[in-house]
Structures are given as C-alpha cells and as structure tokens.
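Survey of secondary and tertiary structure
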Amino acid sequence: MKSNLIRPDEMTAKTIIVPVFEDLKELSEVKNILDEKFSGLIENNIFKNFEGKLNETLTYQQASGEIILALGLGKYDELTLDKYRCAISKAFLAAEKFVKEGSLALELISHKEIAKNCLAASAALISAVCNYKFDKYLKEKGNKVQNFEVLTYDVDNSIKESLKIADIMGEATNFTRGLVFESAEVMTPTYVCEIAKKLADEKGLEISIFNKDELKKMGFNAFLAVGQGSAKEPKFFHLVYKGKNPKKKIALIGKGITFDSGGLDIKPASSMLTMKTDMTGCATVLGVMKAIAEIKPDIELHCMSALCENMPSGSSYKVGDVLTSKSGKTIEVDNTDAEGRLTLADVLTYSDDINADEVIDIATLTGAVIVALGDNITGIMGNNQEQIDKFKEVASKTGERVWQLPIYDDMMEGLKSNIADMKNTGPRFAGSSVAGRFLQNFTKSEKWLHIDIAGTAYTDKVHGEIPKGATGAMVKTLIQYILR
Ligand code: BES
Ligand code: MN
Ligand code: ZN
C-alpha cells in the first residue's frame, strides 16, 4: 500500500473516510469540496443524522457508486493520538470491503493538540497494518488497498516525508508479521537465513551467515546445545547496515527459536500451540533492518539472530548438562524450556566484539511477562536507566505500551549452581526479571536493553489498532528509537 498526500480535487478513490467530531460539525475545506461533489450529503445528512461518537462508523452509498464512510472521533477536546489511531483502524476495517480498484481516501483532519504530519503518518501506518492479511494459504484473498489517498489542502513536503516514512514502517511491520505467521516447517533456520540474505542483496547490506561447524569453532556452545535435538541445522546471521557518516552504532539481537516444543522438558499441548512464533525477535530485527536500510540514516546498525529449533529427541540436550557458553561462563541446564536465554547469551557475547554504543535484544522470552503485564504491554529492562527512559519516551509516541521490570544484582542468588557458574532457571517468581538478570551476565555493554515480547508478539484478540495474530509489536518503536 502506498500513501499519497493529495488535494481533494485530485482524488481517484471511490471510497472515502470522512472523520466527524461529535461536537464540532463544521465544513472544513476538504469537507466543503466533498459536500459539493456529493450534493450536500455532509452538511444535510451526516452532520444531522450521524452522532460522531468515538469509533462509530456509518456508510453512505451514493447513486454514483461512491461510498462515504463517516467516522466518529468523539469530542474535539478529548481526541488523543491513541484514540485517533484506534478510530482509523475501525474505519479502515469497515471501509475495506467497499474498496474499488484498490483505492481508499481519508480526509486529513486538523487538531490543535496534534500535528498534521503526526495525524497523517499515524493514519498511513495503521492503515497499512490493517491492510495486511496472511492469506498465503487461503483460497479467498482479501480486498487490498494499493493506493491510500490522504486528502488535504496542506500538501506540504514535511507531511509528504512523514507519509513516506510511515509507509516504510508499515511495510516493515507487515514483513515481520508475515515471517511470524508462517509455519515452523517452512520458517526453518536455513530459510530465515535465506530471507536475511535476500534482504541484504536487495538493500546492499553486509551479511555473514554461519553454519553449525563454524559456530562450534566460534564457541556458540550454549546455543548449539539448544539446537542439537532438532533435525534442522542451526544457523546464525549477522547483518550490517552502514550509513554514510555513522554517528552511532547499535547492535540489535532477536531471539530466533523457529519452534519451541520445550525440548525434553516438553510443553503441554496448549502451550505449544503458538510456538512457531518463538522467532518473533528475529523477525522483528529483520523488519527493523529493512526499514532502516530504506530510510538510510547516518548510523551503523548490526542485526543478528541465532536460529534453531528446541526439540525433544535422542540427541537433545538434557537437564543436568553443563554448557560452556561462548563467554567461558558455564551454565547448568535446569530446564530445557528456558532455551531462549541460552541462545541469546552466546549472541550477546558475540556482540561484544562489535563495540556498539548500545545493545538491544528482543525476545519472546518468558511466560512470566504475560502473567505480569498481559498481552498488550511489552516488558523492558536493562542496565542503563537513561536508555530505558528514552525507549519509554519513544514508545509513548508510537503508541506501543511498554513497562519497565526491575533487575537486581542479587537475583543471581536464585541462579546458583553447585557445579557450574550458574543455572539457566531459578525460582518460580519474577521469572522475567530473573531471565533478564541471567542475560546481563553475557554482555559487556553498559547500555543494554532487553525487551520481552512473549505477551505482545502474538495475540488472540484485537487491542485498539493492534491486530490479532502476529502483531509486529515493537517494530515501529524500535525504528523510531534508532532514528531519533
Ligand atoms: N518461548 C517461551 C516463552 C513464551 C511463553 C513465549 C508463552 C510466548 C508465549 C520460553 O522459551 C519459555 O518456554 N520460557 C519458560 C521459562 C521457564 C522454563 C523458566 C516459561 O516462561 O515458562
Ligand atoms: Mn521455551
Ligand atoms: Zn522459547
């Protein structure tokens, strides 16, 4: 889907979303033109019969074939960007089925509290996300919008630029979602690396891909232990984007378990159902990389992921095994289902050599984060409060909910082992923080942020503008964080 900022007289769409405030029924410049075109429909009909309550929609079919979809935005003074995003998603989903020839238009409103480019970009991004459906395996494909027309008389370059970035961010989010929706039998470690390679070739990025033998030589023993029960070969990729005059260097690490059965500590059937999504961290860093390579900021970005399956078999790693991680620190396996932190440990150590200004890992790491925060709030933690605060600030603007969980040094006590430097799991409580504390042992970075998306990566219900299924959580926030 491409968004275009145009004047209403240039509109080609036959389906038009017209936002209406409950308490401010006045013809804007754009409405005025539309009203002329549709012989007084807005003034004489919509303003009189449509209340305009927040998220309310009503369609008006014209004899000429055009469809006007009135969208309620509630009271003018009470509108926030969050409410606007949600309302746009409702309107898009209601209008979608009427879309003709792939075009949909939306009147860009003005609001005293929210900048126009913010409103335009949010609408474009949300619409792109609403427009996406994983329909590869469906006989009936949905009605897709190709051309999203944002109607305004303010056709200015800064709004155009915001729309361009919004399109890139929307596409990146959908790219990530597509990888997550795909079956684990397709989305194998080798296949994910092929996707990373294709991205590198298309965008002119450097890429290194390592196979099992190479990883053995590199000392990725904790990671390789997790993958050793699977018939699929483990792989590791490291993708690099280098801007013209890089002002900062960021390392971004995604958890890449292409299927998490739990291993010998096998999961119950109901918990295993969504475990093809355990590579969402990896899919997220790929989506972010795609966007960054298109936006081309002056930074250096390193994205990496260690990919494998966690499976039970005669060759699986076992509880009681002692693994010598890449860092040299030894880990006693206490639970084979706490595999993500083992794979991330080696990648964090690998990333030390990059000497990045900051390191961020993103992972569907713990069920505990779902208990703590539910499926619409992402848990974040780390070793640098300034970095955490900055990330929170960016997330508050992109509208993604994040909440900081604590990490205390003495949480290592719960991870004590009699025969190794630590165990991979500890006491039952505060599981997300303990997992974060575990990871902290493997990075030398003093600016390390850990993002736990176990709850938010994949959901079974819609939250505001966030779709169900693979959500693409944190893709837009990470992009904005990196761009800031
Ligand atoms: N991949 C899971 C975490 C997860 C759970 C992601 C639910 C998405 C939805 C992770 O590998 C895991 O199994 N964690 C265990 C850790 C435990 C054994 C300490 C968990 O949270 O139960
Ligand atoms: Mn697990
Ligand atoms: Zn897992």
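Keep in mind the model is a prediction, meaning the values are calculated, not measured.

This part covers the site of ligand 1. Near ligand 1 lie 16 residues; those nearest to it are Lys267, Asp278, Asp337, Glu339 and Gly367. Gly367 is positioned with one of its backbone polar atoms (N or O) 2.6 Å from an oxygen atom of ligand 1. With the chains in place, 76% of the 510 Å² that ligand 1 exposes on its own is no longer accessible. Classifying every residue of the shell around ligand 1 by side-chain character gives 4 nonpolar, 5 polar and 7 charged.

Turning our attention to the state of the cysteines. Using the criterion set out here, one finds 0 disulfides in the structure. For Cys282, which is in no disulfide, the shortest distance to another cysteine sulfur is to Cys193 and amounts to 7.6 Å.

This brings us to the coordination of the manganese ion (ligand 2). Around the manganese ion (ligand 2), the protein supplies Asp260 (OD), Asp337 (O), Asp337 (OD) and Glu339 (OE) as donor atoms, at distances of 2.0 to 2.2 Å. Considering all 6 donor atoms around the manganese ion (ligand 2), angles at the metal cover 69 to 166° and the coordination shape is irregular. Counting along the primary sequence, the residues that act as donors to the manganese ion (ligand 2) give the motif D-x76-D-x1-E. Separating the manganese ion (ligand 2) and the zinc ion (ligand 3) is a distance of 3.2 Å, and Asp260 donates to both of them. One end of the pair, Asp260, is in strand E9 (residues 249–260); the other, Glu339, is in the loop between strand E12 (330–332) and helix H11 (340–352), and 79 residues separate them in sequence. Judged by its relative accessible area of 3%, Asp260 is buried. Its relative accessible area of 0% is what places Glu339 among the buried residues.

So, about the pattern of salt bridges. Considering all chains together, one arrives at 32 salt bridges under this definition. Among the salt bridges present, the one from Glu309 reaches Lys232, with a minimum N-O distance of 3.6 Å. Here Glu309 is found in strand E10 (residues 300–310), whereas its partner Lys232 is found in the loop between helix H8 (221–227) and strand E8 (235–242), with 77 residues between them in sequence. Measuring nitrogen to oxygen at the nearest pair gives 3.8 Å for the salt bridge that ties Lys235 to Glu233. Accessibility expressed as a relative area gives 11% for Lys235, which makes it buried.

Let us look at the sheet that holds strand E4 (residues 67–72). The strand order across the open sheet formed by 6 strands is E1-E6-E5-E2-E4-E3, and the pairing between neighbours is mixed. Looking along the sheet, the strands with just one partner apiece sit at the ends: strand E1 (2–6) and strand E3 (57–61). In this sheet, neighbouring strand axes are inclined to one another by 20° on average, regardless of whether the strands run parallel or antiparallel. Packing against the sheet, helix H3 (residues 81–95) makes contact with strand E2 (15–20), E3, E4 and strand E5 (103–107), and its axis sits at approximately 155° to E4. Running over the sheet, helix H4 (residues 116–131) touches E1, E5 and strand E6 (147–151) and is turned about 160° from E6.

Right, let's talk about the nonpolar core for a bit. If you look at the biggest cluster of nonpolar residues, it comprises 89 residues, and the most contacted ones within it are Tyr84, Leu301 and Ile451. With sequence-adjacent residues up to four places away left out, Tyr84 is seen in contact with Leu73, Leu79, Leu106, Ile109, Leu119 and Ala123. Ile253, Ala306, Cys308 and Ala435 belong to the second largest nonpolar core, which has 45 residues in total.

As a further point, take the packing of aromatic side chains. Per the counting criterion, the structure on display carries 11 aromatic pairs. Considering the side-chain rings of Phe236 and Tyr350, the 4.8 Å spacing of their centres and the 80° angle between planes classify their relative orientation as edge-to-face. Of this pair, Phe236 sits in strand E8 while Tyr350 sits in helix H11, and the two are 114 residues apart along the sequence. Here Phe236 and Tyr350 have matching classes, each one buried. Pairwise contacts between aromatic rings join Phe210, Phe220, Phe223, Phe236 and Tyr350 into one cluster. In this arrangement the basic side chain of Lys290 is found over the ring face of Phe175, its NZ or CZ atom lying 5.9 Å from the centre. Its guanidinium or amino end placed over the ring of Phe442, Lys329 lies 5.9 Å from that ring's centre, counting from NZ or CZ.

What follows is about the coordination of the zinc ion (ligand 3). Lys255 (NZ), Asp260 (OD), Asp278 (OD) and Glu339 (OE) make up the full set of protein donors to the zinc ion (ligand 3), lying at 2.0 to 2.4 Å. Around the zinc ion (ligand 3), the 6 donor atoms sit at angles spanning 77 to 174°, and that spread fits a shape best called octahedral. In primary-sequence terms, the residues that donate to the zinc ion (ligand 3) follow K-x4-D-x17-D-x60-E.

Our focus in this paragraph is the domain arrangement of the protein chain. Under the domain assignment, the protein chain is made up of domain 1 (2–155) and domain 2 (175–483). Once you take the C-alpha centre of each, domain 1 and domain 2 turn out to be 38 Å apart. Summing both sides of the interface, domain 1 and domain 2 together bury roughly 1,000 Å²; the carbon and sulfur share of this comes to 55%. Interface area lost by domain 1 to domain 2 is led by Arg85, Tyr132 and Phe134, which between them contribute 42%. Here Glu182 makes a salt bridge to Lys136, at a shortest N to O gap of 2.5 Å. The interface formed by domain 1 and domain 2 contains 5 residue pairs in polar contact (both at pLDDT 80 or more). Only H3 and H4 provide two or more residues apiece to the side of domain 1 that touches domain 2. If one sorts the elements of the side of domain 1 that touches domain 2 by residue count, H3 sits on top with 6 residues. Counted by class, the side of domain 1 that touches domain 2 contains 8 nonpolar, 1 polar and 4 charged residues.

So, how was this worked out
- Residues numbered from 1 in each chain as written.
- Chains lettered and ligands numbered in written order.
- Predicted model: local features only at pLDDT ≥ 70, side-chain atom pairs only at ≥ 80, totals over all residues.
- Heavy atoms only, no water.
- Near = heavy atom within 4 Å.
- Polar contact = N/O pair within 3.5 Å; in protein donor to acceptor, adjacent residues only side chain to side chain.
- Areas by Shrake-Rupley, 256 points an atom, 1.4 Å probe, with all protein chains shown as cover.
- Nonpolar A, V, L, I, M, F, W, Y, C, P; charged D, E, K, R; others polar.
- Disulfide = S-S within 2.5 Å.
- Donors = N, O, S within 2.8 Å, 3.2 Å for Na, K, Ca; no water.
- Tetrahedral: all angles 85-135°; square planar, octahedral: opposite > 155°, others 65-115°.
- Helix = DSSP H or I, 4+ residues; strand = E, 2+ residues; numbered from the N terminus.
- Buried < 20%, exposed > 50% of the residue type's maximum accessible area, 1.4 Å probe, protein only.
- Salt bridge = Lys/Arg side-chain N within 4 Å of Asp/Glu carboxyl O.
- Pairing = 2+ DSSP bridges.
- Axes fitted to C-alpha atoms, helices over the stretch in contact; angles between N-to-C directions.
- Contact = heavy atoms within 4.5 Å.
- Core = buried A, V, L, I, M, F, W, Y, C linked by side-chain atoms within 4.5 Å.
- Phe/Tyr/Trp six-rings, centres within 6.5 Å; stacked < 30°, edge-to-face > 60°.
- Lys NZ or Arg CZ within 6 Å of the ring centre and 35° of its normal.
- Domains from an automatic or database assignment.
- Buried area = accessible area lost by both parts, 1.4 Å probe.

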